[in-house]
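Topology and contacts: notes
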Amino acid sequence: MSDNKPFYITTPIYYVNDVPHIGHAYTTLACDVLARFKRLDGFDVKFLTGTDEHGQKVEKSAETAGIDPQAFTDKVSQNFRDLAVSMNFTNDDFIRTTEERHKIACQDIWKRLIDAGDIYLDKYAGWYSVRDEAFYAEGELEDKDGKKIAPSGAEVDWVEEPSYFFKLSAWQDRLLEFYDNNPEFILPLTRRNEVTSFVEGGLQDLSVSRTSFKWGVQVPGDDDHIMYVWLDALTNYITAIGFPDTDHEEYQKYWPADVHMVGKDILRFHAVYWPAFLMAAGLETPKRVFAHGWWTNEGEKISKSLGNVIDPLELMETYGLDQMRYFLMREVPFGNDGDFSRSAMVQRMNGELANDFGNLAQRVLSMINKNCDGKIPEPGTFSEDDTALLAGVDGLLEVVREAMDAQSFHTALEKIWSEIRAANSYVDRQAPWTLKKEDPDRMKTVLYVLADAIRGLALITQPFVPEAIGKMLDQLSVGEGNRDFVSFGKAGRLAPGTELPKPEGVFPRHVEEETAA
Ligand code: ME8
């Protein structure tokens, strides 16, 4: 067992009624970037993703497809697994809620809730949205064209059936106390305020079982009921680490989770229901739920009916995987809504990846290749300018770490790019191509400083654009064993005399194909 500090991060588990789109790719990407950063920073990381396969919505999709739900979920779940591979995600596990280990976990948490006296049998009469898999109170709904519409825009149906209820109303004070004692449980803070006002407004007991269809986990001891899909789905986070065996090595190590990453649409389930279920079951609550914003496409809401769903595979093919990863993490302050536009995508990849970083590395490595025998040059004494550049890059680890710990991915990239720009101004100021004739020894020092600055910049950028940076580090002859943050800064300085392979650009420019007028 590793002595490293554990770090457990999860994505929502995605409904298999849909093919994966940019929204799914975005949430998992954010987790992947954080998981990679934490691993490089010496943490023992578990990064979980998977698919949510029960409930009425999935049952209906299977029916429409004309196959039984199990065969349907087998097929569609695979699309999400494939996406993870194509996006270079480093998830350690992929959970499916139809797995046996998960059914056992759900039934166990149910029994704990029963034993605690927090579940009772009654009858549900109210509104339900299949699209959201959520119950809505009359007061939350709007009338539109003679139909009732949920705040999310989804249609609702009137449902009347016997149902077990979870005594959510009894948890209001304890939830508010929990938020007070854990000011960073819900981030960003604006979302935290929304949740606390919602809870302060009073909570109703929550229907946690259904009888009108069968596709779900059986309620223990009552064959007529299946568990509400959200109680089933949320439990995935503990199934994957060995629950109900709370002595399981992984449960002991990774629970409570460090971050549940979710979209703002599903914050209530994670920040209200989930901690209440866990507290009632006598289990620890997660440390943080981070709710990110939603993407629109060229200013429009993304929806199947508008036909403007963004296919992550198409983006990858057009712009490149690392380019897309960079764009999604850089364009929008993480937590805010954002707009995807092709012009913004091209601007970022050409301006920031190809020009700022790519050209810097290419220029410096080519000069070393031509003028230093293709070896890391021996530096002389460092000038103030040299020391300042290296200090700026060395200082990045601390500032980027802080930004990553707040899930402020755009801030991390901003800080890195400000040092990349500093390195570019240093090149202009020091003009190594002039030094080549006037002071070759000084040229060597300047190129050494630049090469080591690029090494630092590359090390810290790895989580965001892993493939391209892997190539950049190969070109600096930084071995696999020297790429984690133990080697960051002084500890891993490049050794003069190290041979470098021939440099090649790692961030291609995107040139738009001419479109016919
Ligand atoms: O809600 N922009 O699954 P889901 C950004 N199964 N993110 C988006 C997005 C957009 N336009 N559209 C979707 C579920 N997302 C449940 C979760 S967890 C115990 C159960 C992302 O397939 C966002 O993260 O509807 C959102 O929360 C998630 O996809 C919803 O995925």
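Position numbers for residues count from 1 along each chain, tracking the sequence in the order it is written. Only residues with pLDDT of 70 or above have their local features reported here, since the model is predicted, and side-chain atom pairs are shown and tallied only from 80 upward, although totals for entire chains, interfaces and linings are computed over all residues. Computation of side-chain values covers all heavy atoms of the structure but excludes hydrogens and water.

1. Things to note about the overall build of the protein chain
- Segments assigned H or I by DSSP are reported as helices when at least four residues long, segments assigned E as strands when at least two residues long, and all are numbered from the N terminus. Across its full length, the protein chain holds 19 helices and 18 strands.
- The reference for a compact globule is 2.2 Å times residues^0.38; the radius of gyration itself is calculated from the C-alpha atoms. Relative to its length of 517 residues, the protein chain is compact, with a C-alpha radius of gyration of 26 Å against a globular reference of 24 Å.
- Counting only C-alpha atoms and orienting by the principal axes, one finds that the protein chain spans roughly 90 × 60 × 40 Å.
- In the protein chain, which comprises 517 residues, the proportion classed as buried is 57%.
- Residues are treated as being in contact if the distance between any of their heavy atoms lies within 4.5 Å. Here the analysis covers contacts within the protein chain between residues at least 6 apart in sequence; of these, 77% occur between residues at least 24 apart.
- All accessible-area figures derive from a Shrake-Rupley calculation using a 1.4 Å probe, and residue coverage is judged against the displayed protein chains alone. Counting only carbon and sulfur atoms, one obtains 47% of the accessible surface of the protein chain, whose full area is about 22,000 Å².
- When charges are counted, Lys and Arg contribute as positive and Asp and Glu as negative, whereas His and the chain ends are disregarded. The atoms used to mark charge sites are NZ of Lys, CZ of Arg, CG of Asp and CD of Glu. With 54 positive and 85 negative side-chain charges, the protein chain shows a spacing of 4 Å between the two charge centroids. Exposure is judged per residue with a 1.4 Å probe applied to protein chains only, and the accessible area is read against the type maximum: over 50% gives exposed, under 20% gives buried, and values in between give partly exposed.

2. Regarding the sheet that holds strand 13 (residues 222-227)
- Sheet architecture is open: three strands sit in the order 11-13-12, paired in antiparallel fashion. Each end of this open sheet is capped by a strand with a single partner; those strands are strand 11 (209-210) and strand 12 (218-219). Any two strands between which DSSP finds at least two bridges are classified as paired.

3. Brief notes about the site of the ligand
- A cutoff of 4 Å decides nearness: a residue is near a molecule or strand if any of its heavy atoms lies inside that distance of it. In the vicinity of the ligand there are 22 residues, among which I13, Y15, T27, D52 and W295 approach most closely.
- Take Y15: an N or O atom from its main chain is 2.9 Å from an oxygen atom of the ligand.
- In the complex, 94% of the free accessible area of the ligand, which totals 680 Å², lies under the protein chains.
- No other element matches the four residues that strand 1 (residues 6-15) contributes to the shell around the ligand. Contacts described as polar in this section are N or O atom pairs within 3.5 Å, which, within protein, must combine one atom able to donate a hydrogen with one able to accept it, while residues neighboring in sequence count only if both atoms come from side chains.

4. Here's the deal with the environment of I13
- Along the chain, the position of I13 falls in strand 1.
- For the pair I13 and T97, spaced 84 residues apart in the sequence, the C-alpha separation amounts to 8.7 Å.
- Setting aside residues no more than four positions away along its own chain, I13 makes contact with T49, G50, T51, D52, I95, T97, A233 and N236.

5. Section: the pattern of salt bridges
- Salt bridges are identified by distance alone: a Lys or Arg side-chain nitrogen within 4 Å of an Asp or Glu carboxyl oxygen. What the rule picks out here adds up to 38 salt bridges.
- Close ionic contact of R101 with D93 constitutes a salt bridge, the shortest N to O distance being 3.2 Å.
- Residue classification places R101 among the partly exposed residues on the basis of a relative accessible area of 30%.
- E155 is the partner of K147 in a salt bridge, and the nearest nitrogen-oxygen pair spans 3.5 Å.

6. Side note on the packing of helix 12 (residues 321-330) against helix 13 (residues 342-371)
- In contact at an axis separation of 10 Å, helix 12 and helix 13 are set at 105° when each is read in the N-to-C sense. Looking at the two axes, helix 12 sits roughly perpendicular to helix 13. Every residue of helix 13 that contacts helix 12 at Q323, M324, Y326, F327 and R330 is listed here: A344, M345, R348, M349, E352 and L353.
- Residues are sorted three ways: Asp, Glu, Lys and Arg are charged, Ala, Val, Leu, Ile, Met, Phe, Trp, Tyr, Cys and Pro are nonpolar, and all the rest, Gly among them, are polar. Partitioning the contact of helix 12 with helix 13 into residue classes produces seven nonpolar, one polar and three charged. For helices, the fitted line uses only the C-alpha atoms of the stretch in contact; every axis is such a line through C-alpha atoms, and the angle between N-to-C directions lies from 0 to 180 degrees. Here the angle decides the label: under 35 degrees means roughly parallel, over 145 means roughly antiparallel, 65 to 115 means roughly perpendicular, and every other value means oblique.

7. Focus: the domain arrangement of the protein chain
- The domain architecture assigned to the protein chain consists of domain 1 (6-293) and domain 2 (342-492).
- Where each domain begins and ends is defined by an automated method or by a domain database. Spacing between the C-alpha centres of domain 1 and domain 2 amounts to 42 Å.
- Listed per partner, the contact involves 14 residues of domain 1 and 18 residues of domain 2.
- When two parts are brought into contact, each loses some accessible area as probed by a 1.4 Å sphere; the total of that loss over both is the buried area. Surface buried jointly by domain 1 and domain 2 totals about 1,400 Å² across both partners, of which 66% is contributed by carbon and sulfur atoms.
- Considering only the surface of domain 1 that becomes buried against domain 2, V33, F37 and L40 emerge as the three largest contributors, covering 46% of it.
- The interface formed by domain 1 and domain 2 contains two salt bridges.

8. Some thoughts on helix 19 (residues 466-475)
- Here helix 19 lies mainly inside the structure; seven of its ten residues are buried.
- Where helix 19 is concerned, the buried positions are P466, A468, I469, G470, M472, L473 and Q475.
- Along its buried surface, helix 19 packs onto helix 1 (22-40), helix 12, helix 13 and helix 18 (440-461).
- Taken from the residues just after helix 19, S477 is the one with a positive phi, measuring 55°.

9. Concerning the packing of helix 14 (residues 384-394) against helix 16 (residues 409-430)
- With their axes 10 Å apart at the nearest point, helix 14 and helix 16 run at an angle of 165° to one another. Judged on the interaxial angle alone, helix 16 and helix 14 are roughly antiparallel. Considering the relative orientation of helix 14 and helix 16, their crossing is left-handed. Every residue of helix 16 that contacts helix 14 at D385, D386, L389, G392 and V393 is listed here: E419, A422, A423, Y426, R429 and Q430.
- Looking at the contact of helix 14 with helix 16 residue by residue, the classes come out as five nonpolar, two polar and four charged. By convention the crossing between two helices is left-handed if the near helix lies anticlockwise of the far one by an angle smaller than a right angle, and right-handed if it lies clockwise.

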